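One letter stands for each residue in the lines below.
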Amino acid sequence: MQRSIPRVLALVIALTTVAIRPIPAEAGKLQVVASTSTLAYFAKQIGGDLIDVGFIAGGNRDLHYIEVLPSYMLKLRKADVYLTIGLELDMWSAPLVDGSRNSRLHVINCAGDIVPMEVPQFKADARYGDLHRFGNPHYWVDPDNVPAICGTITKAFSTGDPQHAGAYEAGRDAYLARLQVRKAMWDSLKPQMADVRFISYHNTWPYFCRYFGCKSVGFVEEFAGVSPSPSHLAALIDRIRAEKIPIVAYEPFHDKRIPEMLAEKTGCRAIMLPSSTGGAPGTDTYEDLIDTIVRTLLAATKGT
Ligand SMILES: [Zn+2]
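Because the structure is predicted, anything quoted here is derived from the model rather than measured.

Details of the overall build of the protein
And step 1. In terms of helices and strands, the protein carries eleven helices and eight strands.
And step 2. Taking all 304 residues of the protein together, 43% fall into the buried category.
And step 3. Within the protein, contacts between residues separated by at least 24 positions form 61% of all contacts whose residues are at least 6 apart in sequence.

Focus on the sheet that holds strand β8 (residues 269–272)
And step 1. Pairing is parallel in the open sheet, where four strands are placed in the order β6-β5-β7-β8. What marks the edges here is a single partner per strand, and that holds for β6 (215–219) and β8. For this sheet, the mean angle separating the axes of adjacent strands, direction not counted, is 35°.
And step 2. Direction of pairing for strand β5 (residues 197–200) relative to strand β7 (residues 247–250): parallel, over a ladder of two bridges. Its bridge partner lying in β7, Ile199 is registered against Val248.

Let's talk about helix α5 (residues 146–160)
And step 1. Here α5 spans 21 Å end to end across 15 residues, near enough to the 21 Å set by a 1.5 Å rise per residue.
And step 2. Within α5 the residues assigned to the buried category are Val146, Ile149, Cys150, Thr152, Ile153, Thr154, Ala156, Phe157, Ser158 and Gly160.
And step 3. In this structure, the buried residues of α5 make contact with β1 (30–36), α2 (37–47), β3 (81–84), β4 (106–109) and α6 (165–188).

Some points on the environment of Asp284
And step 1. When you line up the elements, Asp284 lands in the loop between β8 and α11 (286–302).
And step 2. The residues contacting Asp284, other than those within four sequence positions of it, are Thr277 and Gly278.

Quick word on the pairing of β6
And step 1. Alignment of β5 against β6, held across four bridges, turns out to be parallel. Each residue of the ladder has a partner; that of Arg197, found in β6, is Lys215.
And step 2. As for the winding sense of the linkage, the β-α-β connection from β5 through helix α8 (residues 206–212) to β6 is right-handed.

Things to note about the sheet that holds β4
And step 1. The parallel open sheet is built from four strands, whose spatial order is β2-β1-β3-β4. A strand with exactly one partner marks an edge of an open sheet, and here the two such strands are β2 (51–57) and β4. Each neighbouring strand pair of the sheet contributes to a mean axis angle of 20°, computed without reference to strand direction.
And step 2. Strand direction decides the pairing type here: β3 and β4, joined by four bridges, are parallel. Considered in β4, the bridge of Leu83 is made with Ile108.
And step 3. Contacting β1, β2 and β3, α2 runs over the sheet at an angle of about 170° to β2.

Cut-off values and rules
- Residues numbered from 1 in each chain as written.
- Predicted model: local features only at pLDDT ≥ 70, side-chain atom pairs only at ≥ 80, totals over all residues.
- Helix = DSSP H or I, 4+ residues; strand = E, 2+ residues; numbered from the N terminus.
- Buried ≥ 20, exposed ≤ 12 C-beta atoms within 10 Å, placed from the backbone.
- Contact = placed C-beta atoms within 7 Å.
- Pairing = 2+ DSSP bridges.
- Axes fitted to C-alpha atoms, helices over the stretch in contact; angles between N-to-C directions.
- Expected span 1.5 Å × (residues − 1).
- Right-handed = clockwise from strand over helix to strand, strands pointing away.

In structure tokens:
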């Protein structure tokens with residue numbers, strides 16, 4: 001599992017981020033791999049036909065836990081740029097980069113211009129889970145963070161392929177303009193979203209809730225990445241009943257039997273929320289992903 005990655009390797013990756021060398025113009029399209037489907041989507045909006053882009057983890061995968069496979073290393077062997085989420089979410093990227101033996105690979109940390117939420121104020125030990133040690137890494141589900149993510153990607157493409165820098169910047173600007181139209185629609189739903197309260201399986205939604213004003217009030221996991229004990233579940237059941245919490249949300253890769261048990265015992269609703277593009281039908285774009293999350297939460301809150 002990713003927890004054994006040496007610190008020195010993480011440092012090497014961090015340093016690689018600032019040591020971008022231009023890619024020769026004759027090399028053709030910029031070859032891009034993203035650690036996640038959502039980053040690949042952003043990259044395609046910016047790079048368009050100037051890039052080929054693929055990803056490692058699809059929308060139905062738990063991004064904290066991706067197995068290190070030789071086929072992923074092969075994908076990176078031919079790549080020019082590798083986009084990562086950072087904040088230790090995709091720590092499995094380090095052995096993939098190492099195993100790719102691709103000295104030309106530019107590894108980009110897309111959290112570079114993100115202000116992380118929930119940075120621990122104390123040194124967490126394993127009892128409290130060790131998945132969010134540098135702050136909550138699920139930042140892409142906040143539409144207000146997309147300009148920073150796209151800015152980092154654009155800078156990476158422009159540095160690696162300077163002759164097309166203008167085109168990458170135009171691609172970014174056009175995408176952010178399209179996103180702005182959707183944000184106006186999402187903003188009109190904020191008054192309804194302010195009434196949404198839910199318990200989530202994992203602590204995935206603080207950035208989303210900050211944007212929309214909804215409330216993620218508790219977690220099925222006892223701590224990030226730590227399975228619930230019977231006493232934790234008993235306390236959750238009491239709390240859902242006492243506070244009339246209407247929703248328990250899980251993601252496509254979680255064991256839905258626990259949310260369904262909670263729903264059965266309390267009368268709340270267990271719903272699936274995708275957190276990455278492609279994680280549910282109709283979520284192939286970031287805009288449709290956010291729409292789906294909003295619509296699902298509003299429908300479950302209203303009981304429809
Ligand atoms: Zn997490």
